[in-house]
Amino acid sequence: MRLAAFTDYGLRVLIVLASTPERQTTTARLAEELAIPYNHLAKVVQDLGRGGYLATQRGAGGGMRLARAPEAIGLGEIVRFLEQRYAIVECFRTDGGECLLTPGCRVRGRLAAAREAFLAELDKTSIAECAHPGPLAGPLNGPLLEDAGSVR
């Protein structure tokens, strides 16, 4: 399975925030630390907020933090949420795609079973179990999760 970069970025955000769930940070700070373009990360953070994974606050003293305990957020749940807009193959699209093999395809069912097995394996693990254990090897030397000033 290959996950979209959007999902990869979302997992990175949650894994880093899970290391100190009581603290908050800003999108700008995470973008720098994780070496992810700010505009891309802002979309990911917005989606994670809509999904109930992040609590965000704009303005002075704002920032983001996990909205739920990291033990209560499963990897499979996150991947399902973030990947919902991406089809594994064309025939999995909501419109059914345009593959001419679809009527007699013998692969589609196997791909669906493989996807479910992949997600079932991820369901066994929480973000807490994947929390980043220490400082990042990113471009900044300071601590990633410091008290946030404001969300950009």
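Residues numbered from 1 in each chain as written. Predicted model: local features only at pLDDT ≥ 70, side-chain atom pairs only at ≥ 80, totals over all residues. Heavy atoms only, no water.

Engineer: Please provide a residue-by-residue account of the overall build of the protein chain, values included.
Structural biologist: For the protein chain, the helix and strand inventory stands at five helices and two strands. Within the protein chain, buried positions represent 35% of all 152 residues. By sequence separation, contacts in the protein chain at least 24 residues apart represent 75% of the contacts at least 6 residues apart. Roughly 8800 Å² of accessible area belongs to the protein chain as shown, and the carbon and sulfur atoms make up 53% of that amount. (Helix = DSSP H or I, 4+ residues; strand = E, 2+ residues; numbered from the N terminus. Buried < 20%, exposed > 50% of the residue type's maximum accessible area, 1.4 Å probe, protein only. Contact = heavy atoms within 4.5 Å. Areas by Shrake-Rupley, 256 points an atom, 1.4 Å probe, with all protein chains shown as cover.)

Engineer: Outline the pairing of strand β2 (residues 63-66), listing residues and values.
Structural biologist: Bridge count between strand β1 (residues 54-57) and β2: four bridges; the pairing is antiparallel. Within β2, the position partnered with Q57 by the bridge is G63. Taken together, β1 and the strand that follows it, β2, pair antiparallel across an intervening segment of five residues, in which G59 is found at a positive phi of about 90 degrees. (Pairing = 2+ DSSP bridges.)

Engineer: I'd like a description of the pattern of salt bridges, backed by residues and values.
Structural biologist: Using the criterion set out here, one finds nine salt bridges in the structure. Among the ionic pairs, D95 bridges to R93, the shortest N-O distance being 3.0 Å. In this structure R93 comes out as partly exposed when scored by relative accessible area, which is 35%. Each of D47, R50 and R85 takes part in salt bridges that share partners, so that together they form one network. (Salt bridge = Lys/Arg side-chain N within 4 Å of Asp/Glu carboxyl O.)

Engineer: So what's going on with the confidence of the model for the protein chain? Which residues, and what values?
Structural biologist: With 88% of its residues at a pLDDT of at least 70, the protein chain reaches an overall mean of 86. Predicted confidence is poor over residues 145-152, with pLDDT under 50, and the contacts of this stretch with residues over four places away or in other chains come to 37 contacts. (pLDDT = per-residue confidence, 0-100.)

Engineer: Outline the packing of helix α1 (residues 5-18) against helix α4 (residues 75-83), listing residues and values.
Structural biologist: Axis angle and axis distance: for two packed helices, these are the angle between their axes and the distance between the axes, and together they describe the pair. At their nearest, the axes of α1 and α4 sit 9 Å apart, and the two run at 140 degrees to each other. With respect to each other, α1 and α4 are oriented oblique. Viewed along their axes, α1 and α4 form a crossing whose handedness is right-handed. Contacts between α1 and α4 involve F6, T7, G10, L11 and L14 from the first element and L75, I78, V79, L82 and E83 from the second. (Axes fitted to C-alpha atoms, helices over the stretch in contact; angles between N-to-C directions. Parallel < 35°, antiparallel > 145°, perpendicular 65-115°, else oblique. Left-handed = near helix turned anticlockwise from the far one by under 90°.)

Engineer: Please give an account of the packing of helix α2 (residues 27-34) against helix α3 (residues 38-50) that cites residues and values.
Structural biologist: With their axes 9 Å apart at the nearest point, α2 and α3 run at an angle of 120 degrees to one another. Relative to α3, α2 is oriented oblique. Here α2 and α3 pass one another in a crossing that is right-handed. Every residue of α3 that contacts α2 at T27, A28, L30 and A31 is listed here: Y38, L41, A42 and V45.

Engineer: How would you sum up a nonpolar patch on the surface? Please name residues and give values.
Structural biologist: On the surface, M1, I88 and V89 cluster together into a nonpolar patch covering about 240 Å² of accessible area. For I88, a relative accessible area of 32% puts it in the partly exposed group. (Patch = residues over 30% accessible without salt bridge, like charges linked within 9 Å, V, L, I, M, F, W, Y side chains within 5 Å.)

Engineer: Quick one: what's the story with α3, residue by residue and with numbers?
Structural biologist: When the terminal C-alpha atoms of α3 are compared, their 18 Å separation across 13 residues agrees well with the 18 Å that a helix rising 1.5 Å per residue should span. Contacts made by the buried residues of α3 are with α1, α2, β1, β2 and α4. Residue G52 follows α3 closely and has a positive phi angle near 85 degrees. (Expected span 1.5 Å × (residues − 1).)

Engineer: Help me get a handle on the environment of A4, residues and values and all.
Structural biologist: Summarising the element assignment, A4 is placed in the segment before α1. According to the relative accessible area criterion, A4 is buried, its value standing at 17%.

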